[in-house]
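# Notes for the structure review
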Amino acid sequence: MTTTPSKLTLFDFPASTGVHGWESFSPFVLEVSRALRLAKVPFAMTQVNMMKLKDVNPLGQLPVVAFGDEKVADSSRILERLEVLVPGSMTGGLDAAGTAEAWLWEEFAETSLYPYVLATRWVDDRGWPVPREHFFGAMPAPLRAFVPGIVRRGIKKKLVERDFTRGGLDACYARMRRVLDSLDARAPDAGFWMGPKATVADIGLFAHLHSLRLPLTPWQAEEVARRKKLTRYLDRVAAATAPAS
């Protein structure tokens, strides 16, 4: 095992969900948080002043983990670094083919599930109060009058460009339900996605699907809950990576 830096810090956005089990609104920060717990690596979690975000990452994006004095950005790169620090922690002893598939599932979650989280919160008018109030609530009133709308329009534009909402929100959600049905059919009856040990596949899938289960967006939480095998699987991942009470 590579020597673990004495202090690891995971940087998160300043908004708190206020819901136990959802330690971040960001699926990517949630993914890293659960990966660190799976790897049994002690860490601190701190919220970033958004006006100083580029001091943490010049690209202005989170998550970022400080491994001692070294800051590593991007959730996949952070998970790769964890696998180097704690060999097997992200791959569970899988062979080369299994390891490759596990990382592919993590990539699938980030590229194919995350847009549904965005659509739920930023496109759907029922979900829009969540980012509007939690992300922008502390912003000075003059800025709050126009900045949230600008950010929302930008995200909506990107989802159209990626063809997730080009046909409208109903079509997007119909597609999401088909994906959830497929994942429910694939979900293991016991253990984890790739076998008896949790891997990076579980961390990636859990982070984005669990974000859809956030009680603040109950219509999507109910969609996931209808898939019983998938729900039981997510509950097992949640228990294996749960934050301390």
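Residues numbered from 1 in each chain as written. Predicted model: local features only at pLDDT ≥ 70, side-chain atom pairs only at ≥ 80, totals over all residues. Heavy atoms only, no water.

Turning our attention to the overall build of the chain. Along the backbone of the chain there are eleven helices and four strands. Relative to its length of 245 residues, the chain is compact, with a C-alpha radius of gyration of 18 Å against a globular reference of 18 Å. Within the chain, buried positions represent 51% of all 245 residues. Accessible surface, the chain: about 11700 Å² in total, of which carbon and sulfur atoms supply 57%. For the chain, the separation between the mean place of its 32 positive charges and that of its 27 negative charges on side chains is 5 Å. (Helix = DSSP H or I, 4+ residues; strand = E, 2+ residues; numbered from the N terminus. Rg over C-alpha atoms; globule rule 2.2 N^0.38 Å. Buried < 20%, exposed > 50% of the residue type's maximum accessible area, 1.4 Å probe, protein only. Areas by Shrake-Rupley, 256 points an atom, 1.4 Å probe, with all protein chains shown as cover. Lys, Arg positive; Asp, Glu negative; His and termini not counted. Charge placed at Lys NZ, Arg CZ, Asp CG, Glu CD.)

Time to look at the sheet that holds strand β4 (residues 70-73). Across the sheet, which stays open at both edges, the four strands sit in the order β2-β1-β3-β4 with mixed pairing between neighbours. One side of each edge strand has no neighbouring strand; the edge strands of this open sheet are β2 (44-47) and β4. Direction aside, the axes of adjacent strands within the sheet are offset by 25° on average. With four bridges joining them, strand β1 (residues 8-12) and β2 adopt parallel strand pairing. Across the sheet, the residue bridging to Thr9 is Ala44, located in β2. Sheet strands in contact with helix α1 (residues 27-38) are β1, β2 and β3 (64-67), and its direction is about 160° off that of β1. (Pairing = 2+ DSSP bridges. Axes fitted to C-alpha atoms, helices over the stretch in contact; angles between N-to-C directions. Contact = heavy atoms within 4.5 Å.)

Close contact between helix α9 (residues 200-212) and helix α11 (residues 228-240) brings their axes to 10 Å; oriented N to C, the two are set at 110°. Relative to α11, the element α9 lies roughly perpendicular. As for the relative orientation of α9 and α11, their crossing is left-handed in sense. On α11, the residues that touch Ala201, Asp202, Leu205, Phe206 and Leu209 of α9 are Leu230, Tyr233, Leu234, Val237 and Ala238. A per-class count over the contact of α9 with α11 returns nine nonpolar, no polar and one charged. (Parallel < 35°, antiparallel > 145°, perpendicular 65-115°, else oblique. Left-handed = near helix turned anticlockwise from the far one by under 90°. Nonpolar A, V, L, I, M, F, W, Y, C, P; charged D, E, K, R; others polar.)

Nothing here speaks to function; it is all geometry.
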